[in-house]
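Letter by letter, the chains look like this.
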Amino acid sequence: MVTGDVKLIGSWASVFVMRARIALNLKSISYEFLQETYGTKSELLLKSNPVHKKMPVLIHADKPVCESNIIVQYIDEAWSSYGPSILPSQPYDNAIARFWAAYVDDKWFIALRSILTARGEEEKKAAIAEVEERTDHLEKAFMECSNGKPFFNGDHIGYLDIALGSFLGWWKVVELDANHILLDETKTPSLFQWAERFCNDPDVKPLMPETTKLAEFARKLFPKPQA
Amino acid sequence: MAEKEEDVLLIGAWASPFSRRVEMALKLKGVPYDYSDEDYLVTKSPLLLQLNPIYKKVPVFVHKGKVLLESHLILEYIDQTWTRNPILPQDPYGKAMARFWAKFVDEQVTLIGFRSLVKSEEIDVAIKEAQELITYLEKEITGKMFFGGETIGFLDMVVGSMIPFCLVRGWEGMGIDMIPNEQFPELNRWIEKIKEIEIVRECIPNREKNIEHMMKIVGRIKAASKTA
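Each chain carries its own residue numbering, running from 1 in the written order of its sequence. Going through the entries in the order they are written, you letter the chains from A and number the ligands from 1. Reporting of local features is limited, given that this is a predicted model, to residues whose pLDDT is at least 70; pairs of side-chain atoms are given and counted only at 80 or more, and all residues count toward the totals for whole chains, interfaces and linings. Hydrogens and water molecules were not included; the side-chain quantities draw on all heavy atoms of the structure.

Peer 1: Help me understand the overall build of chain B, please; the structure alone is not making it clear to me.
Peer 2: By definition, any uninterrupted DSSP run of H or I lasting at least four residues is a helix, any uninterrupted run of E lasting at least two residues is a strand, and each is numbered from the N terminus. A count of helices and strands for chain B gives 9 helices and 4 strands. When its helices and strands are written in sequence order, chain B yields β-α-β-α-β-β-α-α-α-α-α-α-α. Its C-alpha atoms give chain B a radius of gyration of 18 Å, near enough to 17 Å, the size a compact globule of 228 residues would have. Across the 228 residues that make up chain B, the buried fraction comes to 51%. Note on method: radius of gyration uses C-alpha positions; expected globular size equals 2.2 Å times residues raised to 0.38. Only protein chains enter the accessibility calculation, which uses a 1.4 Å probe; a residue is then buried when its area is under 20% of its type maximum, exposed when over 50%, and partly exposed in between.

Peer 1: Would you take a moment to explain empty space enclosed by the protein for this structure?
Peer 2: Residues and elements named next belong to chain B. Grid spacing is 1 Å over the protein atoms alone, the probe is 1.4 Å, and a cavity is where that probe fits but cannot get out, while a pocket is an open set with protein on both sides within 12 Å along at least five of seven lines and lining residues have an atom within 4 Å of a point. Grid points are joined across faces, edges and corners, and a volume is the space filled by probe spheres set on the points. Within this structure, the stated rule accounts for 1 cavity of 30 Å³ or more. In this structure, the largest cavity spans a volume of roughly 40 Å³. For the lining of the largest cavity, the element with the most residues is helix 6 (residues 154-173), which contributes 3 residues. Classification convention: Asp, Glu, Lys, Arg as charged; Ala, Val, Leu, Ile, Met, Phe, Trp, Tyr, Cys, Pro as nonpolar; all other residues, Gly among them, as polar. Considered class by class, the residues forming the lining of the largest cavity number 5 nonpolar, 1 polar and 1 charged.

Peer 1: Help me out: how do you make sense of the nonpolar core in this one?
Peer 2: If you look at soluble globular proteins, the nonpolar side chains tend to sit buried side by side. Counting residues in hydrophobic clusters, the biggest one holds 155 residues, and the most contacted among them are Trp108(A), Trp194(A), Phe61(B), Leu137(B) and Ile163(B). No other element matches the 14 residues that helix 4 (residues 91-117) of chain A contributes to this core. Domain limits in this description derive from either an automatic procedure or a database domain assignment. If you count residues domain by domain, this core takes at least three from each of domain 1 (8-81) and domain 2 (92-227) of chain B. With near-sequence residues (within four places) excluded, Ile163(B) lies in contact with Val109(B), Leu137(B), Val168(B), Trp171(B) and Ile179(B). The term nonpolar core refers to a set of buried residues drawn from Ala, Val, Leu, Ile, Met, Phe, Trp, Tyr and Cys, joined through side-chain atoms within 4.5 Å. Two residues form a contact once any of their heavy atoms are found within 4.5 Å.

Peer 1: Sorry if this is basic, but what is going on with the packing of helix 4 (residues 92-118) of chain B against helix 5 (residues 123-141) of chain B here?
Peer 2: Describing two packed helices takes the angle between their axes plus the distance from one axis to the other. Residue and element names in this part refer to chain B. It is at 9 Å that the axes of helix 4 and helix 5 come closest, and there the two elements cross at 160°. Judged on the interaxial angle alone, helix 5 and helix 4 are roughly antiparallel. The element helix 4 and its partner helix 5 pack so that their crossing is left-handed. Contacts between helix 4 and helix 5 involve Trp101, Phe104, Val105, Gln108, Val109, Ile112, Arg115 and Ser116 on the former and, on the latter, Ile123, Ala126, Glu129, Ala130, Leu133, Ile134, Tyr136, Leu137 and Glu140. Residues of the contact of helix 4 with helix 5, tallied by class, amount to 12 nonpolar, 2 polar and 3 charged. As a rule, the C-alpha atoms of each element are fitted with a line to give its axis, helices using only the stretch in contact, and angles between N-to-C directions run from 0 to 180 degrees. Here is the rule for angles: anything less than 35 degrees is roughly parallel, anything more than 145 is roughly antiparallel, 65 through 115 is roughly perpendicular, and the remaining ranges are oblique. Left-handed is the label given to a crossing in which the near helix is rotated counterclockwise from the far helix by less than a right angle, and right-handed is the label when the rotation is clockwise.

Peer 1: Hey, could you run me through the UniProt feature "domain: GST C-terminal" (unreviewed entry) in chain B in this one?
Peer 2: The positions UniProt marks with the feature "domain: GST C-terminal" (unreviewed entry) are residues 91-217 of chain B. End C-alpha to end C-alpha, residues 91-217 of chain B measures 39 Å, and it is 73% helix and 0% strand. UniProt positions are given in the numbering used here, feature names are shortened, and annotations may be inferred rather than shown by experiment.

Peer 1: Help me out: how do you make sense of unusual backbone geometry in this one?
Peer 2: Excluding glycine, a negative phi dihedral is what most residues carry, and trans is how most peptide bonds are arranged. Across the junction of Met55(A) and Pro56(A), the peptide omega takes the value 0°, indicating a cis bond. As for its position among the elements, Pro56(A) is in the loop between helix 2 (43-48) and strand 3 (57-60). Positive phi, close to 55°, is recorded for Lys56(B), a residue that is not glycine. Here Lys56(B) shows up in the loop between helix 2 (46-51) and strand 3 (60-63).

Peer 1: Explanation requested: the pattern of salt bridges in the structure shown.
Peer 2: A side chain with one charge can pair with a side chain of the opposite charge if their charged atoms come near. Residues and elements named next belong to chain A. A pairing counts as a salt bridge when a side-chain nitrogen of Lys or Arg comes within 4 Å of a carboxyl oxygen of Asp or Glu. If you walk through the whole model with that rule in mind, you get 25 salt bridges over all chains. A salt bridge links Arg19 to Asp105, with the shortest nitrogen-to-oxygen separation between them at 2.7 Å. Pair noted here: Arg19 is in helix 1 (residues 15-26) and Asp105 is in helix 4, with a separation of 86 residues, a long-range link. We classify Arg19 as buried; its relative accessible area is 0%.

Peer 1: Mind showing me how you'd approach the layout of surface pockets here?
Peer 2: To locate leftover empty space, one rolls a probe as large as a water molecule over the atoms. All names here are of chain B. Roughly 490 Å³ of volume is contained in the second largest pocket. Tallied by class, the residues present in the lining of the second largest pocket amount to 7 nonpolar, 8 polar and 8 charged. Built from parts of two domains, the lining of the second largest pocket gets at least three residues from each of domain 1 (8-81) and domain 2 (92-227).

Peer 1: So what exactly am I meant to see when it comes to the domain arrangement of chain B here?
Peer 2: Frequently, the measure chosen for interface size is the accessible area that the parts lose on association. Residues and elements named next belong to chain B. Along its sequence, chain B is organised into domain 1 (8-81) and domain 2 (92-227). Averaged C-alpha coordinates put domain 1 and domain 2 at centres separated by 21 Å. Domain 1 puts 17 residues into the contact, and the matching count from domain 2 is 23 residues. Approximately 2000 Å² of surface area, both sides summed, lies buried where domain 1 meets domain 2, with 71% of it carried by carbon and sulfur atoms. For any pair of parts, buried area is found by adding up, for both, the accessible area (1.4 Å probe) each one loses once the two are put together.

Peer 1: Looking at this structure, how should I read the interface of chain A and chain B?
Peer 2: The partner chain B presents 24 residues to the 25 residues of chain A that form the contact. For the pair chain A and chain B, the two sides together bury roughly 2300 Å², of which 70% comes from carbon and sulfur. In this structure, Glu67(A) engages Lys103(B) in a salt bridge whose closest nitrogen and oxygen atoms are separated by 2.5 Å. What qualifies as a polar contact is a pair of N or O atoms within 3.5 Å, subject to a donor-acceptor requirement within protein and to the restriction that residues adjacent in sequence count only when both atoms come from side chains. The interface formed by chain A and chain B contains 6 residue pairs in polar contact (both at pLDDT 80 or more).

Peer 1: Help me out: how do you make sense of a positive patch on the surface in this one?
Peer 2: On the surface, Lys41(A), Lys53(A), Lys54(A) and Arg113(A) cluster together to form a positively charged patch. Its place among the elements puts Lys41(A) in the loop between strand 2 (32-35) and helix 2. Nonpolar side chains (Val, Leu, Ile, Met, Phe, Trp, Tyr) are joined into patches within 5 Å and like charges within 9 Å, using only residues with over 30% relative accessible area and no salt bridge. Per-residue accessibility takes into account occlusion by the displayed protein chains alone, with areas from the Shrake-Rupley method and a 1.4 Å probe. Here the positive residues are Lys and Arg and the negative ones are Asp and Glu; neither His nor the chain ends is included. Taken as the charge centre is NZ of Lys, CZ of Arg, CG of Asp or CD of Glu, depending on the residue.

Peer 1: Hey, could you run me through the sheet that holds strand 2 of chain A in this one?
Peer 2: To summarise the sheet geometry, strands pair through backbone hydrogen bonds and adopt either a parallel or an antiparallel arrangement. All names here are of chain A. Note on pairing: two strands pair once DSSP finds at least 2 bridges between them. Across the sheet, 4 strands lie side by side as 2-1-3-4; this open sheet has mixed pairing. At either end of the open sheet lies a strand with only one pairing partner, and these are strand 2 and strand 4 (63-66). This sheet shows a mean twist of 20° between the axes of neighbouring strands, independent of strand direction. Where strand 3 lies against strand 4, 4 bridges are found, and the strand directions are antiparallel. Paired with His60 across the two strands is Lys63, which belongs to strand 4. Each of strand 1 (6-10), strand 2 and strand 3 touches helix 1; the most contacted strand, strand 1, lies at about 155° to it.

Peer 1: What's the story with the side chain of Asp161(A) in this structure? I'm lost.
Peer 2: Residues and elements named next belong to chain A. Checked against the element boundaries, Asp161 lands in helix 6 (residues 159-165). Within the buried set, Asp161 has no salt-bridge partner at all; the shortest N-O distance to an opposite charge, 7.7 Å, is to Arg197. Here the side chain of Asp161 touches Gly158 through a polar contact of 2.9 Å, landing on its backbone nitrogen. Engagement of the side chain of Asp161 in a polar contact is seen with the side chain of Trp194, the distance being 2.8 Å.

Right under this line is the structure:
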């Protein structure tokens, strides 16, 4: 693999960027990481993603690919003969993995974020309840997808593991902020154990942001309203 | 050997662009299927609620007892399962682009499109916003017969079901000319081209009924936002 052929525009704190980086690690692809400065958007980012102006953007042989889940699928397909498969090959399992990954973004993440943006105790309680309900759905999804194996994808991490697992850093930060356990060992035991396995995976470990550093960043991104 | 009709069930709605596009794919690939129509402005069937408890929406696609949701996922499943007349590009970059634009249409264009239908004030701003997004699609289709290239594909089905045969009907009902020919010559050319295709014509809701339906939806959204 020619280094310089692959660039990734992103940031250390972004869940969505992490997804792309885990996928690149899984395939052992060397890439140039272009760290965006918080508060500004680089010219390359604006030029490569004019529609959304957001990271991550993967640039492969000068062609940009945007949207984290689309990037992960692209990495799996473009380097299909490198490393393990990221998406299931069977059409039904493939669709199920992508369904739950979309659920993570469209339903679960939205609920998690509302805890950080909640104004007052009532709103916070409601947001927490929603996250708990949706995490419960994901626990069931894990049972359905993993089939007794250690990851959603089976023996090794895959698309859905990456989609949800990339949130684990922020998941902890929101728990601390809410002062409430959001990944409960007794309520969702399979997910709880999966989370530990995921974080210890060698392709994930170096990328997972350190909780204190991320919590400090979260305070910048989601400032608390003045009392 | 012909597939048994009972192998494939589609729960859809005649006016839903999300289920019509699934029908386009099934017809293109010659897959026989059973169809159950939901009158979703009135009620949701027990079967729908049982098979899609999370979103409670159409389309719901059942193949040999396996349930699939979300139109983009269903389209890709159909493409992978019945390989004649492929609807997605073969190359990874082409696939990524098709998926990107499909997401753009269903998330951004649909949101802004419906917003422009329900706005009573600042309608010009809403129209301009929608047209800015649609301009990206005008660029995408320039120089191509179809979004899929020489033949219709995944993105033609997504854009086609949502824009000319859903949102445009709503805009017509509101007296809005959202995609005038002078501003969007390529898109208009593409719309005429896809109308010529039999399987697309078979999967388009009747224009008058559709306009009436869209006006009902607009009325509902406006009423809901007043009580919110």
